[in-house]
Amino acid sequence: MASFWAVGSINNSKREIAAFFAHATHETGRKKYFGRGPLQITWNYNYGPAGKSIGFDGLNSPETVANNPVMAFKTALWFWRTSSLQSKLLSQGFSATIRAINGGECSGKKPKAVRAQVTYYTNYCKQFRFAPGRNLYC
């Protein structure tokens, strides 16, 4: 597995950091909270492996992600890496990360949610002073 935030050019690393921050900002800024953590993982097929990998009982105590900010971000980073979001971002563009994290938002039924994520991403890209790349919208 490739190193987190350290693949290819400095712009690729910045692009990945901006994408992660954009999704974390989008997910934690919602009024409705269906999952837990900055990328809001759901279902036992995520909580079990995440807990085993980073050191908490994800199946019996999934609320750990909501109650412990360090575990919340470790879980988000775990999901980013195990879902190959770095590879998707660099090969397919930001839209591929939206599709992987919130596939339903790419159905055309939630254009505001997609626009919000793209806005967060492009704002982070501007702060890091680089172009966001291609395929921003799904």
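Treat the numbers as computed from the prediction; the structure is a model and nothing was measured. (Residues numbered from 1 in each chain as written. Predicted model: local features only at pLDDT ≥ 70, side-chain atom pairs only at ≥ 80, totals over all residues. Heavy atoms only, no water.)

A count of helical and extended segments in the protein gives 7 helices and 0 strands. In the protein, the order of α-helices and β-strands from amino to carboxyl end is α-α-α-α-α-α-α. For the protein, with 138 residues in total, the buried portion stands at 43%. Intrachain contacts of the protein at a sequence separation of at least 6 include 58% that bridge at least 24 residues. Accessible surface, the protein: about 7600 Å² in total, of which carbon and sulfur atoms supply 54%. (Helix = DSSP H or I, 4+ residues; strand = E, 2+ residues; numbered from the N terminus. Buried < 20%, exposed > 50% of the residue type's maximum accessible area, 1.4 Å probe, protein only. Contact = heavy atoms within 4.5 Å. Areas by Shrake-Rupley, 256 points an atom, 1.4 Å probe, with all protein chains shown as cover.)

Two numbers describe how helix α5 (residues 85–92) lies on helix α6 (residues 94–101): the axes approach to 6 Å, and their chain directions differ by 145°. Together, L85, K88, L89 and Q92 of α5 and F94, S95, A96, T97, A100 and I101 of α6 make up the contact between the two elements. Considering only residue class, the contact of α5 with α6 consists of 6 nonpolar, 3 polar and 1 charged. (Axes fitted to C-alpha atoms, helices over the stretch in contact; angles between N-to-C directions. Nonpolar A, V, L, I, M, F, W, Y, C, P; charged D, E, K, R; others polar.)

Once that is clear, we can look at the packing of aromatic side chains. Under the definition given, this model contains 5 aromatic pairs. Taking the centre distance of 6.4 Å and the plane angle of 55° together, the rings of F20 and F21 count as tilted. Take F20: its relative accessible area is 2%, and that puts it in the buried class. By way of ring pairs, the aromatic residues F20, F21, W80 and Y124 are connected into one cluster. (Phe/Tyr/Trp six-rings, centres within 6.5 Å; stacked < 30°, edge-to-face > 60°.)

Moving on, we get to the state of the cysteines. Applying the stated criterion to the full structure yields 1 disulfide. Paired by a disulfide, C106 and C138 hold their sulfur atoms 2.0 Å apart. Disulfide C106-C138: the torsion about the S-S bond is -85°, which places it as left-handed. In this pair, C106 is assigned in the loop between α6 and α7 (111–128) and C138 in the segment after α7, connecting sequence segments 32 residues apart. Among the residues examined, C138 registers a relative accessible area of 32% and is labelled partly exposed. (Disulfide = S-S within 2.5 Å.)

Put simply, helix α2 (residues 44–54) and helix α4 (residues 69–82) touch, their axes get as near as 10 Å, and they point 110° apart. Between α2 and α4, the interaxial angle falls into the category roughly perpendicular. Packed against α2, whose contacting residues are N46, P49, A50, S53 and I54, the element α4 presents M71, K74, T75, W78 and F79 at the interface. Per-class residue counts for the contact of α2 with α4 are 6 nonpolar, 3 polar and 1 charged. (Parallel < 35°, antiparallel > 145°, perpendicular 65-115°, else oblique.)

Turning our eyes to something else, we now look at the nonpolar core. The biggest cluster of nonpolar side chains holds 30 residues, and the ones touching the most others in it are L39, F79, W80, F94 and Y121. Those elements that place two or more of their residues in this core are α1 (10–28), α2, α4, α5, α6 and α7. No other element matches the 6 residues that α4 contributes to this core. (Core = buried A, V, L, I, M, F, W, Y, C linked by side-chain atoms within 4.5 Å.)

Turning our eyes to something else, we now look at the confidence of the model for the protein. Overall, the prediction assigns the protein a mean pLDDT of 87, with 89% of residues at 70 or greater. Counting contacts from residues 30–34, a segment whose pLDDT is below 50, to residues more than four positions away or on other chains yields 5 contacts. (pLDDT = per-residue confidence, 0-100.)

On to α4. Helical periodicity: at 3.6 residues per turn, an α-helix aligns residues three or four positions apart in one direction. In a regular helix each residue adds 1.5 Å, so 14 residues correspond to 20 Å; α4 covers 20 Å between its end C-alpha atoms and thus fits that length. Among the residues making up α4, those that are buried are M71, A72, T75, A76, W78, F79 and W80. Structurally, the start of α4 carries an N-cap: the backbone nitrogen of V70 is 3.0 Å from a side-chain oxygen of N68. Taken from the residues just after α4, S84 is the one with a positive phi, measuring 55°. (Expected span 1.5 Å × (residues − 1). Polar contact = N/O pair within 3.5 Å; in protein donor to acceptor, adjacent residues only side chain to side chain.)

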